[in-house]
Amino acid sequence: MFRTLSIKNKLTLIITLVTTVTLMFGFAGITLSYYNENKSSLIDGMAQEAKLVASYSQVPVALNFHDDLERILGDVLISSDHTSAVCDFDPAKIIQVNAGGGKIDDATVCQASGSIWENQWLWVTQPMLDVSGEKLGMVVFKISTLPFYQSVRIFVYWALVFTLLSIAFSYFLAKRLQSYISQPILDLEAATKQVCSEENYDFRVQVKSQDEIGSLSLSFNKMLEAMEQRLTERNNAIKEMHTLANYDSLTRLPNRALCLDRLTQAIAKEGRHENKVALMFIDLDNFKDVNDFLGHNAGDILLIEVSRNLGNALRQGDTLARLGGDEFVVILTDFSSKTDLANVAEKCISAVAQDFNIMDNVITASASIGIAVYPDDASTSVELMKAADSAMYQAKERGKNAYYFYEERINAVVARKHTLANALRLALKKNQLHVEYQPVVDLNSDKIVGAEALIRWSHPELGKISPAEFIPIAESTGLIFPLSLFVIESVCQFIAKSRHQFDDDFSVAVNLSPAILRQNYLLEKIKAYLNQYQVPAKSICFEVTENTLMNEMERCIQTLNALKQLGSRVSIDDFGTGYSSLSYLSKLPVDNLKIDRSFIDDMLHDTNDTAITLAIISLAQSLKLKVIAEGVENQDQRLFLQQCSCEYIQGFLVSPSRPDAAFMAFLSQYNYH
C-alpha cells in the first residue's frame, strides 16, 4: 500500500506519523505524570491530616474521652466521601465518624501502617504515641478515590483533545510544506519520463534550491548535456557496431556470421529452383611463417592484398568473406558444372600466387582450396562449410597450392579422427593403454642389451589401434604430452621392478614427439619420475627422429643437452630419412644412430639402400656413435649388418614387442639359453 502512494502523500504521511507518534508519547507522559503527581498529593495531604488528628487525639485517648474524639473526627477536613476513626488500644475500641465511607468493622486496620491504595478507597493510618514513645492508638482514614479518578478523566479528555487538534494541525502543515521537497522531485520525474519516451535532451529542469535536491537537479541537467552530446556518438557507434558485427575489421569483407547468413539465403533461394550452390574454402599456405618471421603487421598487410586480389578475380555477384586468420570463403551460384568451379578455383590460386612487396620484403604466397557443392555434398550451410573445410585439408595434404573437390570418404576419415580423439581421452583415464618392449640385440654377444618402449592401444570396441594412426591425432589434439608422460612413467616402473635382472648397460629407449620437446617442464617431469621410482638416468635412452631434429634444432639441442647432463642416453631415430647437417650432428649430444627400417627392407636388393646403410654405419663409427638397425626380419639381413660392423639390431627376427612380463620371460630365455 505504502509503495503505491505518491511522493506527496508519502511525505505528508511520514511527517504526520512522526508528529502523531511524538504527540502520543507526550500525551502518555503528561497523563502518567499528572496521575502520579495527583495521587502522591492526595496521599500526602491525607497523611498530614491524619498527623493533625493524631496530635489532637492523644489526650482524649489517654483519658478515654471518647466523646471528644468523635467531635475531633467530625471536624476532619476531607472533601470526598470518607470515614475517619481512632483506634483506642486500652480499652480496645474503634471510635469512628462515617461521612460516606461506611462503617469500619475490621479491627485489623488498626494494625496497618502507612497508606494503602485500593481500587475505590485510600486507607491512611497514623499512630498516636505517648511521651515514652509507646503507641496509645491509631488514626485511620478511609477515603473514596472516585473524585480523584474523575479529575484524571477530565484531564485525559482535554489532553487528548489538544493532542488530536495538534495532529490535525501538523497534517495540515505537512500537506502544505511537503511540496518544497516533492515538487523538485516530481519535476525530475517528469523530465526523466520525457527523456525515456522522446529521447529529447535539449530541455533543462529548474533548480529551485541549493540543498541536495538542488544539487541533484544540477547533476541531472549536466547528465542531459552529456547525453545530448553523446547521442550523435551513440548513433555513429551503432552504425560501426553493425559494421563490425557483419564485416571483418581488417579486410572489410563479410565475416563468418554474415557469410553463413548469405550462404543460408543462397541455399534457400537456389534450392527452390533446384539449382546448386558451391562453397570454396580458401586457406593461405604457410601463413604462420609470415607472422613469425616478419610480424603480425606484415601478415595483416598480406591478408589485405590477398583479399583485394581475390575480389578482383571473382564475379560481382559472388560473395567473398573472411572467416578469420588466413581463411577465406567464396559463395558461388549460377554455374553449370564442376569445370566452371575449377576455373574459378584456378583464378583464385593465381590471384594469391603473387609476389607481394611488404615492408621491404618480397613474399610469395599460395593457397589451398576446398570445394563443396549443395545439395551434392551437404544439405545445410553448416554442413557445406564443414565439407569444404575437409576438402581444403585434403588439398593441403596433397602438396598445397591446389584445389580439391569434397569426397564422401574424406568425411569418413575426419569422423574417424574425431572418434579416435575422443576415445583417446577416455583411454588415458580408463587404462586402455599399455607399454610393450621390443628387444635390442648386441650382434657381437648375441644378447639382449636393451629395448624400445612402444605404446599400444586396445579399444574395447574398435580393437587394436595402430600407433601410426593415433600418435598424429594425439599430437594435433595436445594429448601427446600426457601420453608421453604415461610411457615415461611406465618405463620407470618397469625398470624399477626388473633392474635386478638387467646388466648395468641395459637401457630402454623412449620416443619423444616433436610436440613434447616444446614443453618447458618436460625435464622436471622426467626428474620427478626418476626420483620417485629410484631409476638411474642412464637406464633410459630418449629417441628423437631426424626430421624432428631438423625442424626443432635449437629446441632439440637445448633439451637433449639437459637430458645428457641428467645422465640419460640420446638416440636419433629414423636416421637417413631427413637431411641432417653434419656440422650439427657433430655438436649434438647423441649416443646412438638408428638406421630407418626403409633402408633395411631393400638393403640386400637395392644398391642405393645398401650404400646409404654402409654410409650411416661408417659415419657413426667416425663420430664414435653406436648404430642400431631397426626392422631386421631375416637372417640374411642380420649377417650382412654383422659383416658391416653394425653393433645392434632390432626387429621381428629377434622378437616383436611384448608386454613387460612376457618381455622379461623372453629375455631370460634368450640370454641364458
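It should be noted that the structure appears before, not after, this text.
Cut-offs used in this document
Residue positions are counted from 1 within each chain, in the order its sequence is given. Only residues with pLDDT of at least 70 are given local features in this predicted model, and only at 80 or more are side-chain atom pairs given and counted; all residues enter the totals for whole chains, interfaces and linings. Only hydrogens and water are set aside; all other atoms, that is, all heavy atoms of the structure, feed into the side-chain values. Only a pair of cysteine sulfur atoms within 2.5 Å qualifies as a disulfide here. A run of H or I in DSSP becomes a helix once it reaches four residues, and a run of E becomes a strand once it reaches two; helices and strands are each numbered from the N terminus. Each nonpolar core is a collection of buried residues, namely Ala, Val, Leu, Ile, Met, Phe, Trp, Tyr and Cys, held together in the definition by side-chain atoms within 4.5 Å. Three exposure classes are used, based on accessible area relative to the maximum for each residue type with a 1.4 Å probe and protein chains only: buried under 20%, partly exposed in between, and exposed over 50%. A helix is expected to span 1.5 Å for every residue after the first. We call two residues in contact whenever any of their non-hydrogen atoms come within 4.5 Å of each other. Grouping into patches uses exposed residues only, defined as over 30% relative accessible area, and leaves out salt-bridged ones; the cut-off is 9 Å for like charges and 5 Å for nonpolar side chains (Val, Leu, Ile, Met, Phe, Trp, Tyr). Method for areas: the Shrake-Rupley scheme with a 1.4 Å probe, in which residue coverage is limited to the protein chains shown. Counted as salt bridges are all cases of a side-chain nitrogen of Lys or Arg within 4 Å of a carboxyl oxygen of Asp or Glu. Two strands qualify as a pair provided that DSSP identifies no fewer than 2 bridges between them. To obtain each axis, a line is fitted to C-alpha atoms, and for helices this fit is confined to the stretch in contact; angles are then taken between N-to-C directions over 0 to 180 degrees.

Caption draft 1: Looking closely at the state of the cysteines. For the structure on display, the rule yields one disulfide. Covalently, Cys87 is tied to Cys110 through a disulfide, its sulfur atoms 1.8 Å apart. Classification of the bridge connecting Cys87 and Cys110 rests on its S-S torsion, roughly -60°, and on that basis the disulfide is left-handed. Of this pair, Cys87 sits in strand S1 (residues 82–89) while Cys110 sits in the loop between strand S2 (92–99) and strand S3 (115–117), and the two are 23 residues apart along the sequence.

Caption draft 2: Summary view of the nonpolar core. Counting residues in each nonpolar core, the largest one holds 80 residues, and the members touching the most others are Tyr437, Trp457, Ile488, Val491, Leu512, Leu641 and Phe663. For this core, the element with the highest residue contribution is helix H13 (residues 480–498), accounting for ten residues. The next biggest cluster of nonpolar side chains, apart from the first, holds 35 residues, and it includes Val290, Leu341, Ile349 and Ile358.

Caption draft 3: Expanded view of helix H9 (residues 338–352). The first and last C-alpha atoms of H9 sit 21 Å apart over 15 residues, in line with the 21 Å expected at 1.5 Å per residue. Here H9 has its buried residues at Leu341, Ala342, Val344, Ala345, Cys348, Ile349, Ala351 and Val352. Packed against the buried residues of H9 are strand S6 (277–284), helix H8 (296–313), strand S8 (327–332), strand S9 (355–358), strand S11 (367–374) and strand S12 (403–405).

Caption draft 4: Fine view of helix H10 (residues 381–397). Over its 17 residues, H10 extends 25 Å from the first C-alpha to the last, a length consistent with the 24 Å expected when each residue adds 1.5 Å. All buried positions along H10 are accounted for by Ser381, Leu384, Met385, Ala387, Ala388, Ser390, Ala391, Met392, Gln394, Ala395 and Lys396. Backbone geometry just downstream of H10 places Gly399 in the positive-phi region, at approximately 115°.

Caption draft 5: Main features of the environment of Gly311. Turning to its location among the elements, Gly311 is positioned in helix H8. The exposure class assigned to Gly311 is partly exposed, which follows from its relative accessible area of 37%. When the C-alpha positions of Gly311 and Tyr533 are compared, they lie 62 Å apart, and in sequence the two are 222 residues distant.

Caption draft 6: Structural detail: a nonpolar patch on the surface. Residues Phe169, Phe172, Leu173, Leu177, Tyr180 and Ile181 make up a contiguous nonpolar surface patch of roughly 640 Å² in combined accessible area. Those elements that provide at least two residues to the nonpolar patch are helix H3 (146–177) and helix H4 (179–198). Per-element tally for the nonpolar patch: the top contributor is H3, with four residues. Examined against the element boundaries, Tyr180 turns out to sit in helix H4.

Caption draft 7: Quick look at the sheet that holds S3. Spatial ordering of the open sheet is given by S3-S4-S5, a layout of three strands whose pairing is antiparallel. With partners counted over all chains shown, the strands left at the sheet margins are S3 and strand S5 (135–144), one partner each. Strand-to-strand twist of the sheet, defined as the mean angle between neighbouring strand axes without regard to direction, takes the value 10°. As paired strands, S3 and strand S4 (residues 121–129) are joined by three bridges and run antiparallel to one another. Bridge pairing in S4 places Ile116 opposite Trp123.

Caption draft 8: Examining the pairing of strand S19 (residues 592–595) more closely. Where burial is concerned, the two faces of S19 agree: the one with Asn592 and Lys594 and the one with Leu593 and Ile595 are both buried. Where strand S18 (residues 569–575) meets S19, three bridges bridge the pair, whose relative direction is parallel. Bridge pairing in S19 links Ile572 to Leu593. Summarising the sheet, S19 and strand S20 (residues 626–630) pair through four bridges and their orientation is parallel. Residue pairing for S20: Ile595 is matched across the bridge by Ala629.

Caption draft 9: Main features of the sheet that holds S6. Spatial ordering of the open sheet is given by S7-S8-S6-S11-S12, a layout of five strands whose pairing is mixed. Whereas interior strands pair on both sides, the edge strands pair on one side only; in this sheet they are strand S7 (319–324) and S12. The mean angle between the axes of side-by-side strands here comes to 20°, regardless of whether they run parallel or antiparallel. Against the sheet, helix H6 (residues 256–272) contacts S6, S7, S8 and S11, and its axis sits at roughly 20° relative to S8.

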